[in-house]
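Descriptive structure summary
For reference, the chains in residue letters:
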Amino acid sequence: MSSAMPSESLVSDVMEHALSAACAASVRAAVTLGLAEALGDDPATADELATAVGAHPAALRRLLRSLTSYGVFAEKPADFYVHTEKSLALREDAPDSVKYLVLWCTEPWLWPLWGDLGESVRTGSEVFTRTHGRRFYEQLHTEWPESARIFDRAMTQQTRLSATAVADMLPLSGAATIADVGGGQGIVLGTLLERHPELRGFLLDLPDVVANADARLHPGGELADRVRLVPGDCLKEVSAEADVYLFKNILGVDDDASVRILRNAMKAARPGARMVIVENFVDDGPGRKLAAAMDLRMLLVIGGQKHTRAGLLKVVERAGLTVRSVRPVDSSLHMIEATEM
């Protein structure tokens, strides 16, 4: 082992990693203060922005110094600030807004859990229940209604950002029906139905989720006559006979549960049905750093996981399926197409 002193740049890099919570906190503060909305098309000074958001001018200037170092806003001469692509994405009205995703990733209840990551790694289990006395989703929906609202909006934003990419990639030739299993509000399903006028669909999710589905899918909606809303629990049953089954970001609780979900779909499927799985890989593609962070968050909060490429393919094969193709959807998602052996 070398006895040489570490270089100054190495120490600086490691310390930046150790203090990276400051980056997350800075982005959250920008959203909670409404900085992205307060800054319009024209440059503004820190003092002008402080007045607009009701902040201490000197402290806001310090926050902006942090944000601009990460490319969130940019500083021009004479203390003027302007938008960047990153800061524009924090606006609620932006077409590619990530405002609620940022809030969801930085909710106050999450911060203490990160300090127990070592314990989660030692045990392989979540630490949320020990900290709060009940499982995550029960706590979220009974004790934290505002956080639950942010969760719903974050999931909607996440789905909207990927819906078009999934629709571009999903092979539907020869399919008359598709079941979106755990499909949330049905944004991806709605996008697919708009693309394929002859296609009919099923939206399967928990009763309270289906009850708040996209307006296009509810009675009176523009797609309602081609959709059936199916409340239920896919861990118990998938009650829809279809040609294609879509599983987008729902196979992350544990391997056994993922196998059970796939097998439940296979029981309901028509002969020759295709199973299409859209997931993040923690070890493949340019989005693997993001996926690795999401993976650790899932470990802490629900004991879940994001899969390696080989790990998810093994789950698919355990369910009794044969993998036909694996393709990237975008920088962070991959699509697996499989059929029964």
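Residues numbered from 1 in each chain as written. Predicted model: local features only at pLDDT ≥ 70, side-chain atom pairs only at ≥ 80, totals over all residues. Heavy atoms only, no water.

1. A few points about helix α11 (residues 136–143)
All of the buried residues along α11 are Phe-136, Gln-139 and Leu-140. Along α11, the residues classed as buried sweep out an arc of 100 degrees about the axis, all on the same side. Tucked into the core, α11 has its buried residues touching α7 (99–105), α10 (128–132), α12 (145–169) and α16 (288–302). (Buried < 20%, exposed > 50% of the residue type's maximum accessible area, 1.4 Å probe, protein only. Helix = DSSP H or I, 4+ residues; strand = E, 2+ residues; numbered from the N terminus. Arc of directions from axis to C-beta. Contact = heavy atoms within 4.5 Å.)

2. Concerning the packing of aromatic side chains
What characterises a pair of aromatic rings is the spacing of the ring centres plus the angle enclosed by the ring planes. One pass over the full model with this rule turns up 10 aromatic pairs. Both rings, one in Phe-128 and one in Phe-136, keep their centres 5.3 Å apart while their planes meet at 90 degrees; by these two values the pair is edge-to-face. Residue Phe-136 is classed as buried on the basis of its relative accessible area of 5%. Here the aromatic cluster, defined as three or more aromatic residues joined through ring pairs, consists of Trp-104, Trp-109, Phe-128, Phe-136, Tyr-137, Trp-144 and Phe-151. (Phe/Tyr/Trp six-rings, centres within 6.5 Å; stacked < 30°, edge-to-face > 60°.)

3. A look at helix α15 (residues 255–268)
With 14 residues, α15 extends 21 Å from end C-alpha to end C-alpha; this agrees with the ideal 20 Å at 1.5 Å per step. Here α15 has its buried residues at Ala-257, Ser-258, Val-259, Ile-261, Leu-262, Asn-264, Ala-265, Met-266 and Ala-268. Each element contacted by the buried residues of α15 is listed here: β4 (177–181), β7 (244–248), β8 (274–279), α17 (309–318), β9 (321–328) and β10 (334–340). With a side-chain oxygen positioned 3.1 Å from the backbone nitrogen of Asp-256, the residue opening α15 is Asp-254. (Expected span 1.5 Å × (residues − 1). Polar contact = N/O pair within 3.5 Å; in protein donor to acceptor, adjacent residues only side chain to side chain.)

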